[in-house]
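Chains, contacts and geometry: an overview
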Amino acid sequence: MIKEQFASLDAVQLNLGGGTGIVMSIVLALIMFGIALGIRLDSLKDVFSKPKSILTGIALQWIGLPLVTFAIILIFNQILTPMVALGMILVASCPGGNISNFISSFSKGNVELSVTMTAVSTICSPVITPLNFWMWGNLYLKYASLSGTLTIPQLVIPFSEIFKTVFVILAVPIVLGMLFSHRFPKAASKLKSPFSIFSLLVFGVMVLGMFIPNWQLFLSYILWIFLLVLVHNACAFGVGFAGASLMKLPIKDRRSVTVEVGIQNSGLGLTLLLNPTIFKPEIWNNPETGVMYGGMLFVTAWWGIWHIISGLGLATIFRNSRRSDI
C-alpha cells in the first residue's frame, strides 16, 4: 500500500506557474546575499582559530548526513520509489539552510559557528552538492537496479549543470555579500535585517504560491511524505547531535552543529528541480518513459516546511534545558 502511494505520487503533475524556477533562483540568490551581510571576516578567523568544532560540523554535514540518508533508503527500500529516494539524497546534498543561523541563536548555540558553517558549506556547495548527489544518487541507482526495485531507464545525474547553477545562485551572492560587508560595514549592518526579512518573506510567499494550487494533491499524499521527512529530518538532527557529542564539543557548539546538520537548504533543491536545463522534462518528467519526479518535488518541498517546525521545536528544548549535556 505504501509503495503504491509513493508510486502514484511520482506521477503527480504539479500546477506551477511559468518562470517559477527562474524567480526562485533570483530570490534564493538575494537571500544568500542578505545572509552574507551579517558575516564578518573576524568571526570566521575566531572560529577557525579553534577548528575542531567547524571541522566536525562540516564533516557531519558533508559526509555523515548523506551516509545516514543512504542507510535510511536501504532500510526502507522496499516501500520507496526511486524518485522519492533521490529526493532524500538531493536534500541531504544541499548546504545548510538559510534559517539555521536564527534557529541556532534561538537555541542559545554558538551563532558565530553557525554562521561560519553556513558560509563554508554554501561557498563550497557548487562542488559538494553535485558531488554528493552524483555519488550517492548513482550508488543508489546501481543498488536499485541490482535489487530489482528500479524499473525505469538508467538516469544520468547532471553534475556539471548542478555545479554551474549552484555556483551562480549560492556561491557568487554569498561572496559578494561578504565583500560588501567588509568594504561597507556600516551599510551592511543597516541593510542586513530588512534585506534578510524581505527576501525570506518573498521566498515563503513563493513556496506557499506553489502549494496553494496543489493543496488537494498535497493533502492526498501528506501522510506518508510527512512520516518519511519526519524520520529523515530527525535522523539529520541526530547525526549532528551524536557526532558533536562524540567529539565532546562545548554545549553551545554542540547545539549549533546539531541545528546546521538538521536544517538543509531545501529551497536550493526545489530551485534545481525546477530548472529545465538540469532536470530536463524529456528525461525526468516524461509520462511516455515512465520517469516522473513528483516524489522528488514533494519530499523537497515538504522538508522546507517541516525543518522550520522541527528546528524551532528542538531549539525550544535546547533553550529551556537545564541538563549540562544538551
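A brief structural summary. (Residues numbered from 1 in each chain as written. Predicted model: local features only at pLDDT ≥ 70, side-chain atom pairs only at ≥ 80, totals over all residues. Heavy atoms only, no water.)

One way to put it is that helix α8 (residues 159–183) packs onto helix α12 (residues 266–273) with a least axis distance of 11 Å and a crossing angle of 130°. By the angle between their directions, the pair α8 and α12 is classed as oblique. The two elements α8 and α12 cross, and the hand of that crossing is right-handed. Of α12, the residues touching α8 (which contributes Ile162, Thr165, Val166, Ile169 and Leu170) are Leu268, Thr271 and Leu272. Its residues assigned to classes, the contact of α8 with α12 comprises six nonpolar, two polar and no charged. (Axes fitted to C-alpha atoms, helices over the stretch in contact; angles between N-to-C directions. Helix = DSSP H or I, 4+ residues; strand = E, 2+ residues; numbered from the N terminus. Parallel < 35°, antiparallel > 145°, perpendicular 65-115°, else oblique. Left-handed = near helix turned anticlockwise from the far one by under 90°. Contact = heavy atoms within 4.5 Å. Nonpolar A, V, L, I, M, F, W, Y, C, P; charged D, E, K, R; others polar.)

This structure, assessed with the given rule, holds one salt bridge. Glu161 is the partner of Lys164 in a salt bridge, and the nearest nitrogen-oxygen pair spans 3.1 Å. Taken together, the positions of Lys164 and Glu161, both in helix α8 and three residues apart, correspond to about one turn of that helix. According to the relative accessible area criterion, Lys164 is partly exposed, its value standing at 45%. (Salt bridge = Lys/Arg side-chain N within 4 Å of Asp/Glu carboxyl O. Buried < 20%, exposed > 50% of the residue type's maximum accessible area, 1.4 Å probe, protein only.)

To continue, consider unusual backbone geometry. Positive phi, normally seen in glycine, also occurs at Lys108, with a value near 65°. Residue Lys248 is not a glycine yet carries a positive backbone phi of 55°. Tracing the backbone shows Lys248 in the loop between α10 (215–246) and α11 (251–262).

Below, the discussion takes up the nonpolar core. One finds Leu86, Phe133, Tyr140, Phe279 and Met296 to be the most contacted residues of the largest nonpolar core, which totals 73 residues. Ranked by residue count, the leading element in this core is helix α7 (residues 111–147), at ten residues. The contact partners of Met296, leaving out residues within four places of it in the chain, are Met83, Leu86, Gly87, Leu90, Phe133, Leu273, Phe279 and Trp284. If you look at the next biggest cluster of nonpolar residues, it comprises nine residues, including Ile103, Phe237, Ala315 and Phe318. (Core = buried A, V, L, I, M, F, W, Y, C linked by side-chain atoms within 4.5 Å.)

So, on to the packing of aromatic side chains. Per the stated rule, a full pass over the model turns up ten aromatic pairs. A ring pair is formed by Phe226 and Trp302, whose centres lie 6.1 Å apart and whose planes are at 55°; its orientation type is tilted. One end of the pair, Phe226, is in helix α10; the other, Trp302, is in helix α14 (residues 294–320), and 76 residues separate them in sequence. Every member of this aromatic cluster is reached through a ring pair, and the members are Phe33, Phe180 and Phe184. For Arg319, the ring lying beneath its charged end belongs to Phe106, and the centroid distance is 4.8 Å. (Phe/Tyr/Trp six-rings, centres within 6.5 Å; stacked < 30°, edge-to-face > 60°. Lys NZ or Arg CZ within 6 Å of the ring centre and 35° of its normal.)

This part takes up helix α3 (residues 41–49). Among all positions in α3, only Ser43, Leu44 and Val47 are buried. Looking straight down α3, one finds that the buried residues subtend no more than 100° of arc, so they occupy a single side. Opposite the buried face of α3, at more than 90 degrees from it, the exposed residues are Asp42, Lys45 and Ser49. Among the structural elements, α4 (52–75), α7 and α8 are those in contact with the buried residues of α3. (Arc of directions from axis to C-beta.)

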